[in-house]
Amino acid sequence: MVLTGAGISAESGIPTFRGPDGLWHGRRVEDVATAEAVYRDRWGVNEFFNERRNGIEGVKPNAAHEALVKLESKIGNNFILVTQNIDPLHEMAGSKNLIHMHGELFSIQCDNCNSTYFFQGDVKKETPCEKCGKTGSLRPDVVLFGEMPKMMDEILYALSNCDLFVAIGTSGVVYPAAGFVDVAGRYGAHTIEVNAADTERSYSFAERITGPASITVTELVDKIIGE
Ligand code: BJW
């Protein structure tokens, strides 16, 4: 089982959240990344995610995303990839058994009819829902602070049944993902952290690999599959 965070996409040119030029740079988290923010200022939140969609135009997967596709092709159905990232780089690289636990940038949600659907471009005040036609009810289909991450049953099943848990490029400060290493370890999995730097969760992992994901993940995958 592999868990990825913003660090795996950093070398593709997408800023991380908590780095010096982080994604929230210049904005208060409470204004754009909480459930309350959607109710207080739905258009401010939509604007932020419009910018995010525009900002990743032309971005491509890097060697770390590609290495995980190679790993999946060797392991098959026993491989599961859970990403906290809302960018589409894992699926662009070719990952199949993939869960976007914090949602997807190119998916939109309607609070009137509860539908979600693929969406490109900008959400504006006058943009109607494609399914029910209502205006004023769209929001990004992403999991903000105070909301429940997606597919937690499937994730907890995988955590309690995996023999190897690898966390790549995540700072380990956002729950529930930050606690996955403890669950997997308790159920007997070997745990590896791959990160460019130490994190607040490093102490929980049995093994640590330090360095940029494009190099370290490629090497780790080759080691796992014996190349
Ligand atoms: C590289 C690299 C390179 C860089 N190579 N590495 C008090 C205590 C405990 C919990 C809580 C609390 N108060 C509130 C909570 C809960 C809250 C929470 O965790 N808050 C903490 C901040 C304290 N969590 C929630 O509200 C979650 N929901 C929830 O808990 O529901 C209840 C529940 C109960 C029981 C079971 C299940 C659920 C929801 C969290 C939603 C998070 N949403 C966001 C925004 C998504 C949309 C968007 O993209 O904008 O998700 S926040 C943001 O953080 C985003 C990310 O997915 C997430 C994690 O960030 P990530 O990926 O770790 O990025 P960074 O920037 O932090 O780290 C990057 C790392 O990469 C660094 O370590 C670098 O070193 C490394 N790196 N370059 C390798 N080249």
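Shown above is the structure to which this text applies.
As a starting point, this report considers the structure included with it. (Residues numbered from 1 in each chain as written. Predicted model: local features only at pLDDT ≥ 70, side-chain atom pairs only at ≥ 80, totals over all residues. Heavy atoms only, no water.)

Quick notes on the overall build of the protein chain
- Helix and strand counts for the protein chain stand at 9 helices and 9 strands.
- Along the longest, intermediate and shortest principal axes, the C-alpha atoms of the protein chain span 55 × 35 × 30 Å.
- Relative to its full complement of 227 residues, the protein chain shows a buried share of 52%.
- A sequence separation of at least 24 residues applies to 62% of the contacts in the protein chain between residues at least 6 apart.
- Approximately 11,100 Å² of the protein chain is accessible, and the part contributed by carbon and sulfur atoms is 51%.
- Distance between charge centres in the protein chain, computed from 21 positive and 31 negative side chains, equals 4 Å. (Helix = DSSP H or I, 4+ residues; strand = E, 2+ residues; numbered from the N terminus. Buried < 20%, exposed > 50% of the residue type's maximum accessible area, 1.4 Å probe, protein only. Contact = heavy atoms within 4.5 Å. Areas by Shrake-Rupley, 256 points an atom, 1.4 Å probe, with all protein chains shown as cover. Lys, Arg positive; Asp, Glu negative; His and termini not counted. Charge placed at Lys NZ, Arg CZ, Asp CG, Glu CD.)

Brief notes about the pattern of salt bridges
- Scanning the model with the defined rule gives 7 salt bridges in all.
- D222 serves as the salt-bridge partner of K70, at 2.9 Å between the closest nitrogen and oxygen. Residue K70 is located in helix α5 (residues 63-75), and its partner D222 is located in helix α9 (residues 213-225); the two are separated by 152 residues in the primary sequence.
- Its relative accessible area of 31% is what places K70 among the partly exposed residues.
- The exposure class of D222 is partly exposed, given its relative accessible area of 21%.
- For E193, the salt bridge identified is with R208, shortest N-O distance 2.9 Å. Within this pair, whereas E193 is found in strand β8 (residues 190-195), its partner R208 is found in strand β9 (residues 207-210), the two being separated by 15 residues in sequence.
- Overall, E193 belongs to the buried group, its relative accessible area being 2%.
- The structure contains a network of salt bridges with shared partners spanning E193, D198 and R208. (Salt bridge = Lys/Arg side-chain N within 4 Å of Asp/Glu carboxyl O.)

Topic: the sheet that holds strand β3 (residues 98-100)
- If you trace the 6 strands from one edge of the open sheet to the other, you get β3-β2-β1-β7-β8-β9, paired in parallel fashion. Of all strands in the sheet, those with a lone pairing partner are β3 and β9, marking the two edges. On average, each strand axis in the sheet is inclined to that of its neighbour by 15°, with strand direction left out of account.
- Relative to β8, strand β7 (residues 164-168) runs parallel, the two sharing 5 bridges. Directly across from I168, in β8, lies its bridge partner V194. (Pairing = 2+ DSSP bridges. Axes fitted to C-alpha atoms, helices over the stretch in contact; angles between N-to-C directions.)

So, helix α4 (residues 42-55)
- Compared with an ideal rise of 1.5 Å per residue, which puts 14 residues at 20 Å, α4 spans 20 Å between its outermost C-alpha atoms and is within 8% of the ideal.
- The set of residues buried in α4 consists of R42, V45, N46, F48, F49, N50, R52 and R53.
- Buried-residue contacts for α4 involve α2 (29-32), α3 (35-40), β4 (103-110) and β6 (138-142). (Expected span 1.5 Å × (residues − 1).)

In short, the description is geometric, and any link to function would need to be established separately.
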